[in-house]
Amino acid sequence: MFMDTADVIVIGGGMVGGAIAYGLTRAGANTLMLDEGDDALRTARGNFGLVWVQTKGRGLQRYQDWSRESSEIWTEFSDDLQESTGVNTGYEKPGGLTLCTSDEEVRASEEIIAAMKAQAGNGQYDSWMIDRQEIEALVPDVRFGPDVLAASFCPHDGHANPLKLLRAMHAGFQKAGGRYQPNASVVDIVRDGEDYAVVTAEGARYGAAKIVIACGHGIPELAAKVGLHCPTRPQRGQILVTERLQPMLPLPMGSIRQTDEGSIMLGVSHEEVGFDDRNTGDVSGAIAARAARILPDFANVNIVRSWGALRIMPPDGCPIYDESETWPGIFMTTNHSGVTLASVHAKHIPNWVLRGETPVGFQDFSVKRFKGTPHAAPPG
Ligand SMILES: Cc1cc2nc3c(=O)[nH]c(=O)nc-3n(C[C@H](O)[C@H](O)[C@H](O)COP(=O)(O)OP(=O)(O)OC[C@H]3O[C@@H](n4cnc5c(N)ncnc54)[C@H](O)[C@@H]3O)c2cc1C
């Protein structure tokens, strides 16, 4: 017995599912979004809020182009959300800096820029190195420590308030007629005539002709049930947040950014610790120490919050989008830049799901790119 049926069921109400469900509903599809309860692992509520283009897509040019397009349409996306829901995502695109505090970091940034330009082929990787004087001109209201030598700058980078973004996408989805069902932990997907049924741990059953599996860390298990392979792993990042301060950082500096509410976010570690999302004294201390080296006058600012959260990390760091060949109409979407890519997810994924229309080169995102590597689907 079905609790509900829809044209499309989106499994997962995080950054990716939220954006896709919002886009699907606005495209006129009768959409049901199923999500777990409040105690679930939710990367959407623990991230840094960057809409970031520089360095994205080394090894997969399609991802660099995808990130760049996302940045280009983010203002329109954010304005649409505000118009339909009244929620301002706080999006700004002043450009972004990745600060270098040693000769080694300078060389590494220069090397990335050279590699990305070569990969783009047409020289259109839009990021360049700036020296300390140029950094000080861009950020005139703070004093940088002596270790700050240079930075890479990208004019397409920006940031938003990720919690407001999530709220806006959910509100916009529901306003356009979408239905949100929390406390629905999907444990199985089965065939039901020509359609599919989704079964939850709570004992409910929902039906649809199409399903989008967009449930973050829950994807590998569900994907395997419908002939899809999702080789993602958890990677922990820790973040610290200061008390609110007067506006003084006009642009995000990679791991240091001032939010629309005044607090300064400091991050972000990259730790391979499995499904352990605790924050730890050693890593938090290292994040604070680096921030104090970069901005010595901030050494006595109070830290008011800190947390750990788990990235949903594909082996090469690039998104994976696939439709099942054996269960047509079931799609899998995952990546570790859900804030950055929210605008392209809302715009393009609905066309793929509803009409099979994809942007040029979209097939590059298939999991098939891992063929011949340890991350390929196991045989059989
Ligand atoms: C420390 C850190 C910093 C980051 N910084 C940035 C950044 O600056 N910019 C950026 O673009 N990205 C950033 N990210 C990544 C970004 O947060 C993720 O890409 C994004 O949240 C992934 O969205 P998602 O919807 O796939 O997963 P989630 O946001 O985790 O959402 C998945 C949802 O699915 C639900 N779910 C899981 N299993 C099931 C199931 N079986 N049935 C029903 N529901 C289920 C969960 O409860 C959850 O609500 C960061 C991540 C981390 C950890």
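Residues numbered from 1 in each chain as written. Predicted model: local features only at pLDDT ≥ 70, side-chain atom pairs only at ≥ 80, totals over all residues. Heavy atoms only, no water.

Chemist: Describe the overall build of the protein, and please don't skip the residues or the numbers.
Modeler: Counting secondary structure elements, the protein contains eight helices and 17 strands. The dimensions of the protein, computed from C-alpha atoms along their principal axes, are 70 × 40 × 40 Å. A buried classification covers 53% of the 380 residues belonging to the protein. In the protein, once contacts between residues fewer than 6 apart in sequence are set aside, the share between residues at least 24 apart is 74%. (Helix = DSSP H or I, 4+ residues; strand = E, 2+ residues; numbered from the N terminus. Buried < 20%, exposed > 50% of the residue type's maximum accessible area, 1.4 Å probe, protein only. Contact = heavy atoms within 4.5 Å.)

Chemist: Can you tell me about the packing of aromatic side chains, naming the residues and giving the values?
Modeler: Counting across every chain of the model gives 14 aromatic pairs. Where Trp66 meets Tyr321, the ring centres are 5.9 Å apart and the plane angle is 75°; that geometry is what we call edge-to-face. Of this pair, Trp66 sits in helix H2 (residues 61–85) while Tyr321 is found in strand S16 (residues 320–323), placing the two residues 255 residues apart along the sequence. Its relative accessible area of 0% is what places Trp66 among the buried residues. Here Phe331 and Trp352 contribute two aromatic rings whose centre-to-centre distance is 4.8 Å and whose plane-to-plane angle is 75°, an arrangement assigned as edge-to-face. (Phe/Tyr/Trp six-rings, centres within 6.5 Å; stacked < 30°, edge-to-face > 60°.)

Chemist: Outline helix H8 (residues 342–355), listing residues and values.
Modeler: Since one α-helical turn is 3.6 residues long, residues separated by three or four positions face the same way. For H8, with 14 residues, the first-to-last C-alpha span of 20 Å sits near the 20 Å given by 1.5 Å per residue. The largest bend in H8 comes to about 35°, at His348, with the proline Pro350 one to four residues further on. Most of H8 sits out of view: ten of its 14 residues are buried. Taken as a whole, H8 has its buried residues at Ala342, Ser343, Val344, His345, Ala346, His348, Ile349, Pro350, Trp352 and Val353. Following H8 by one or two positions, Gly356 adopts a phi angle in the positive range, close to 70°. (Expected span 1.5 Å × (residues − 1). Bend = angle between axes of the 7 residues up to and from the residue.)

Chemist: Could you give me a rundown of the pattern of salt bridges, with the residues and numbers involved?
Modeler: According to the stated counting rule, one finds 20 salt bridges in the structure shown. Taking the shortest distance from any N to any O, the salt bridge between Arg58 and Glu111 comes out at 2.8 Å. Highlighted residues: Arg58 in the loop between strand S3 (50–51) and H2 and Glu111 in helix H3 (residues 103–120), separated in sequence by 53 residues. The structure contains a network of salt bridges with shared partners spanning Lys164, Arg244, Asp260 and Glu261. (Salt bridge = Lys/Arg side-chain N within 4 Å of Asp/Glu carboxyl O.)

Chemist: Now, about the packing of H2 against H8: what can you tell me, with residues and values included?
Modeler: Two numbers describe a pair of packed helices, the interaxial angle and the distance between the axes. Running from amino to carboxyl end, H2 crosses H8 at an angle of 90°, the nearest separation of the two axes being 7 Å. With respect to each other, H2 and H8 are oriented roughly perpendicular. Counting all contacts with H2, which are made through Trp66, Glu69, Ser70, Ile73, Trp74 and Phe77, the residues of H8 involved are Ala342, Ser343, Val344, His345, Ala346, Lys347 and His348. Taken together, the residues of the contact of H2 with H8 break down into seven nonpolar, four polar and two charged. (Axes fitted to C-alpha atoms, helices over the stretch in contact; angles between N-to-C directions. Parallel < 35°, antiparallel > 145°, perpendicular 65-115°, else oblique. Nonpolar A, V, L, I, M, F, W, Y, C, P; charged D, E, K, R; others polar.)

Chemist: Run through the site of the ligand, naming residues and quoting values.
Modeler: The local shell around the ligand holds 40 residues, among which Asp35, Thr43, Leu50, Gly338 and Thr340 are the closest. Contacts to the ligand include Met15, whose backbone N or O atom sits 3.2 Å from an oxygen atom. When the ligand is considered free in solution it has 990 Å² of accessible area, and contact with the protein chains removes 95% of it. Listing elements by their share of the shell around the ligand, those giving two or more residues are helix H1 (15–26), strand S12 (233–242) and strand S15 (303–313). Per element, the largest residue contribution to the shell around the ligand is four residues, and it comes from S15. Across the shell around the ligand, the residue classes break down as 19 nonpolar, 17 polar and four charged. Among the domains, domain 1 (4–50 + 163–231 + 317–370) and domain 3 (233–313) are the pair contributing at least three residues each to the shell around the ligand. (Near = heavy atom within 4 Å. Polar contact = N/O pair within 3.5 Å; in protein donor to acceptor, adjacent residues only side chain to side chain. Areas by Shrake-Rupley, 256 points an atom, 1.4 Å probe, with all protein chains shown as cover. Domains from an automatic or database assignment.)

Chemist: Could you give an account of the sheet that holds strand S6 (residues 150–154), naming the residues involved and the relevant values?
Modeler: Read across the open sheet, the three strands follow the order S4-S6-S5; overall the sheet is antiparallel. The open sheet has two free edges, formed respectively by strand S4 (96–100) and strand S5 (128–131), since each of these has just one partner strand. Direction aside, neighbouring strands of the sheet carry axes that sit 30° apart on average. Where S5 meets S6, four bridges bridge the pair, whose relative direction is antiparallel. Note that in S6 the partner of Ile130 across the bridge is Ala151. (Pairing = 2+ DSSP bridges.)

Chemist: Describe the domain arrangement of the protein, and please don't skip the residues or the numbers.
Modeler: Domain parsing of the protein yields domain 1 (4–50 + 163–231 + 317–370), domain 2 (96–154) and domain 3 (233–313). For domain 1 versus domain 2, the separation of C-alpha centres amounts to 36 Å.

Chemist: Let's hear about the pairing of strand S2 (residues 31–34): which residues, and what values?
Modeler: Judged by which residues are buried, S2 turns out to be covered on both faces: Thr31 and Met33 on one side and Leu32 and Leu34 on the other are all buried. In this sheet, S2 lies alongside strand S1 (residues 4–11) in parallel orientation, the contact comprising four bridges. Considered in S2, the bridge of Val10 is made with Met33. In this fold, S1 hands off to H1, which returns the chain to S2; that crossover is right-handed. Here three bridges tie S2 to strand S8 (residues 179–181), and the two strands are oriented parallel to one another. Within S8, the residue paired with Met33 across the bridge is Tyr180. (Right-handed = clockwise from strand over helix to strand, strands pointing away.)

Chemist: Any chance you could break down unusual backbone geometry for me, citing the residues and the numbers?
Modeler: Both trends apply: most residues other than glycine have a negative phi, and most peptide bonds are in trans. The peptide bond linking Gly267 to Val268 adopts the cis configuration, its omega dihedral lying at -25°. Mapped onto the elements of the fold, Val268 is located in the loop between strand S14 (264–266) and helix H7 (281–294). At Thr55, a residue that is not glycine, the phi angle is positive and equals roughly 70°. Mapping Thr55 onto the fold places it in the loop between S3 and H2. Assessed through its relative accessible area of 36%, Thr55 is described here as partly exposed. A positive phi angle, near 55°, is found at Asn183, a position not held by glycine.

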